[in-house]
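Commentary on secondary and tertiary structure
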Amino acid sequence: MHGIRRLPSLWVALALVLIGAAVLDLVGIGWGLPYLYHPDEPTNLLAVGQMVQQGTLNHGQWQYPAFSFDIQALVNLVAVKVGTAFGWVHGAADANQMRILVTGVGRLTHPPYLVIGRAVCVVESVATVAAAAWMARLAGGDRRSQWLTPLLVAILPISVGFSYYMTPDPLSGLTATLAVCGALWAYRTPSWRTYAFTGAMIGLAGSSKYNCALVAISLVAAHLLGPEPRRWNRLVLAGAVALGAFVLTTPYAIFDFHGMLRGLNFDETHYSTGHVGAQGDSLGTNARWIFDSFGLFLLGLLGLWWVSARRQAIIIGIFVIAYFAVLSAVVVRFERNLLPLVPALAVLAVLGGLAVWDRARARWGNLAPAGMSAVLVAALAWTLYGTAGELGNSLTDQKAQALAWIHANVPAGDTVVLDPYSPYLDPSRWHVVVLRQRTVGGVTYPEWFVLANPPALHAANPDVVIVTALGSGRYVSLHSPIALQTQSYLTTASCARYAFDHHTIDIYVLHCARGATGRRPTARPTS
């Protein structure tokens, strides 16, 4: 008991924040299982399974570097060995087995192995919260900022919403945060050791996601603002260590150099040409996503003018501005790409907010806390409302209503045409059709998408057609001429249409009665 009483309140607060962050992040760890709704998780798990099965460090997914795959493969290897020893699975191929019908429509044979991969990402997300506390301390913040900053990072909707998906994003957020911490450390204590540490974190950030190598700009700023800006040999050391850390964790960047070049070329082409449903107005969309999470906490940035440690704020802020500018300069935008700048922005908001708080108290005395507390309550309400929405999504199977209706009303053996992000249907029970690319009259219609491929839809002669409206930003424009043509056909040809899951899934029934084997659906049409 005496030892507990001696614990500094800061460490108690940090421990409580980290426990709370873990609880929030673990809420969604079972989302969707055994079904695979996320577009990237199946590809990532398949790559990890092949690494374990083939005993290689070549992950083959060169649109990403390898560090996150290395970590996942190591954990997956241990899990596979344990599962094999107890007879639960028969090797890596069995453990990571899945069936993918189309993007966002898949089923795992052994869901616990994806849960394990997601748990790794949760650990990385919670570690990022801890790293935010370190950043606040290195930035010159007092004890309040050292627990308020991680608390803010832990409760932000963007942090909670992307914390558990098995993707490289949680690790990129952690390594980028540690790299900024390293830059602040090198500014405070310029030495070979601090520069080497920062270089290693920059290399790991680049090995998590290529664009995160941009965090090197913080070290350059720290060097120029530091007491010995002419000692360039330290920056050279940091660059060499960064390159070494990248190669060490992504070794096949050398052995499969052409594969990496193809991946980089894919990324450049993808982000510059577009991704229908997730493209255009990147600046405004990224700014809206930031505001949706931070809300009124962004007002704290106004107080940076009164922060005493301005140079530390510049070291942090230059990364936030540069990274945000790069993300907003490309055509494609995904909210998860913003994760690396979230802790740094949170530090700036907290430091500035505390400066405003202290200045207000010094000027207006006891009247200041009442007004500032009202703003704080409003800011918390905004952010927590978004976080509650993310938790609600994590606990909801968004396709459950549609799947239950199909099981109850679509006879076995019927031909069902699937869109991406449809409910998963067992191909052994129904004749499941995924549309393939067709060229008719000189026009090439894309594969998969129901609304964009009327010739293939006609040729399938379906009994039931499933059309989805959401999923990874929605790939197909619902208002294109071809989509309107397809919708007109389905409306005319169908005898019933049902909307499910907040009108994100439409089921068209084209053959309501087919003799003795057919039956009319029992649910009431919504449109």
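Residue positions are given per chain, counted from 1 along the sequence in the order it is written. Totals for whole chains, interfaces and linings use all residues, but because this is a predicted model, local features are given only for residues with pLDDT of at least 70 and pairs of side-chain atoms are given and counted only at 80 or more. Each side-chain value is derived from all of the structure's non-hydrogen atoms; neither hydrogens nor water enter the calculation.

1. Quick word on the overall build of the chain
Threshold: Per the convention used, a helix needs a DSSP run of H or I reaching at least four residues, while a strand needs a run of E reaching at least two, with both numbered from the N terminus. Radius of gyration: over C-alpha atoms. The globule rule applied is 2.2 Å multiplied by the number of residues raised to the 0.38 power. Note on contacts: a residue pair is in contact if any heavy atoms of the two residues lie within 4.5 Å. The accessible surface values rely on the Shrake-Rupley method and a 1.4 Å probe; as for residues, cover is taken only from the protein chains in view.
Scanning the chain from N- to C-terminus turns up 21 helices and 10 strands. The C-alpha atoms of the chain give a radius of gyration of 26 Å, which matches the 24 Å a tight globule of 527 residues would have. The dimensions of the chain, computed from C-alpha atoms along their principal axes, are 85 × 60 × 55 Å. At a minimum sequence separation of 6, the contacts of the chain that also span at least 24 residues come to 74%. Of the accessible surface of the chain, which amounts to about 23500 Å², a share of 64% is contributed by carbon and sulfur atoms.

2. Quick look at the packing of helix α10 (residues 192-208) against helix α11 (residues 216-225)
The following threshold applies: Here an angle of 0 to 180 degrees is reported between the N-to-C directions of two axes, which are lines fitted to C-alpha atoms, with helices fitted over the stretch in contact. Working definition: roughly parallel below 35 degrees, roughly antiparallel above 145 degrees, roughly perpendicular at 65 to 115 degrees, and oblique for all remaining angles.
Packing of α10 against α11 brings their axes to within 9 Å, and their N-to-C directions diverge by 160°. Comparing the axis directions of α10 and α11 gives the class roughly antiparallel. Residues Y195, T198 and I202 of α10 touch α11, and the partners they reach there are A216, L219 and H223.

3. A word on helix α3 (residues 41-54)
The following threshold applies: One less than the residue count of a helix, multiplied by 1.5 Å, gives the span that helix is expected to have. A simple rule labels every residue: compare its accessible area, found with a 1.4 Å probe on the protein chains alone, to the largest value its type can have, and call it buried under 20%, exposed over 50%, or partly exposed in between.
Spanning 14 residues, α3 covers 20 Å between terminal C-alpha atoms, matching the ideal 20 Å at 1.5 Å per step. All buried positions along α3 are accounted for by E41, P42, N44, L45, A47, V48, G49, M51 and V52. Lining the buried residues of α3 we find β1 (35-36), α4 (67-85), α5 (92-95), β2 (98-102), β3 (105-108) and α6 (112-138). Immediately beyond the C-terminal end of α3, within one or two residues, lies G55, with a positive phi of roughly 65°.

4. Brief notes about the sheet that holds β1
We count it as follows: Whether two strands pair depends on DSSP finding at least two bridges between them.
With antiparallel pairing, the three strands of this open sheet are ordered in space as β1-β3-β2. In this open sheet, the two edge strands, each paired with only one partner strand, are β1 and β2. Where β2 and β3 come together, four bridges link them in antiparallel fashion. Residue pairing for β3: V102 is matched across the bridge by V105. α3 rests against β1, β2 and β3 of the sheet, and its axis sits at about 145° to β2.

5. Structural notes on the layout of surface pockets
What counts here: The pocket and cavity definitions rest on a 1 Å grid over protein atoms only: a 1.4 Å probe that fits but cannot leave marks a cavity, an open set with protein on both sides within 12 Å along at least five of seven lines marks a pocket, and residues lining either have an atom within 4 Å of a point. Grid points are joined across faces, edges and corners, and a volume is the space filled by probe spheres set on the points. We call Asp, Glu, Lys and Arg charged. Ala, Val, Leu, Ile, Met, Phe, Trp, Tyr, Cys and Pro are nonpolar, and the rest, Gly among them, are polar.
Quantified by volume, the second largest pocket comes out at close to 580 Å³. Around the second largest pocket, the lining is made up of 21 residues, and of these L148, F297, G353, L354 and L376 lie nearest the centre. Elements that contribute at least two residues to the lining of the second largest pocket include exactly α7 (143-155), α17 (342-364) and α18 (367-394). Across the lining of the second largest pocket, the residue classes tally to 18 nonpolar, two polar and one charged.

6. Digging into the sheet that holds strand β10 (residues 505-509)
Pairing between sheet strands relies on hydrogen bonds along the backbone, with the strands arranged either parallel or antiparallel. The five strands lie next to each other as β5-β4-β8-β10-β9, forming an open sheet whose pairing is mixed. The open sheet is flanked by β5 (431-434) and β9 (496-500), the only strands paired with a single partner. Strand-to-strand, the axes of this sheet are offset by a mean angle of 20°, without reference to chain direction. With four bridges connecting them, strand β4 (residues 415-418) and β5 associate as parallel partners. Residue pairing for β5: V417 is matched across the bridge by V433. Running at roughly 20° to β10, helix α19 (residues 400-409) makes contact with β8 (464-468), β9 and β10 of the sheet.

7. Digging into the state of the cysteines
How we decide: Any pair of cysteine sulfurs within 2.5 Å is marked as a disulfide.
If you walk through the whole model with that rule in mind, you get zero disulfides. Not part of a disulfide, C121 finds its nearest cysteine sulfur in C212, a span of 14 Å. Its relative accessible area of 0% is what places C212 among the buried residues.

8. What about helix α9 (residues 169-188)?
Given 3.6 residues to a turn, an α-helix orients residues that are three or four positions apart in the same direction. For α9, spanning 20 residues, the distance from its first C-alpha to its last is 29 Å, which sits close to the expected 28 Å at 1.5 Å a residue. Among the 20 residues that make up α9, 17 are buried, leaving the element largely enclosed by the rest of the structure.

9. Section: unusual backbone geometry
The linkage connecting L33 with the following residue, P34, adopts the cis geometry, with an omega of 10°. Along the chain, the position of P34 falls in the loop between α2 (9-26) and β1. One non-glycine residue, Y421, lies in positive phi territory at about 70°. In this structure, Y421 sits in the loop between β4 and β5. Here Y421 falls in the buried class, since its relative accessible area comes to 4%.

10. Things to note about the packing of aromatic side chains
How we decide: Here a Phe, Tyr or Trp ring, Trp counted by its six-membered ring, pairs with any other such ring whose centre lies within 6.5 Å, and the pair is stacked when the planes are under 30 degrees apart, edge-to-face when over 60, and tilted otherwise. Either the NZ atom of lysine or the CZ atom of arginine qualifies as a charge over a ring when it sits within 6 Å of the ring centre and within 35 degrees of the ring normal.
Under the defined criterion, the tally for this structure stands at 17 aromatic pairs. By way of ring pairs, the aromatic residues W31, Y35, Y37, F162, Y164, Y165 and Y424 are connected into one cluster. Directly above the aromatic system of F334 lies the positively charged group of R336, at a separation of 4.8 Å from the ring centroid. Over the ring of Y37 we find K399; its NZ or CZ atom is 4.1 Å from the centre of that ring.

11. Regarding the confidence of the model for the chain
The condition is simple: pLDDT gives the predictor's per-residue confidence on a scale running from 0 to 100.
Residues at a pLDDT of 70 or more form 93% of the chain, whose mean pLDDT is 87. Counted against residues more than four places away or in other chains, residues 1-5, with its pLDDT under 50, gives zero contacts. Contacts for the low-pLDDT stretch residues 515-527, under 50 throughout, to residues beyond four places or in other chains number 23 contacts.

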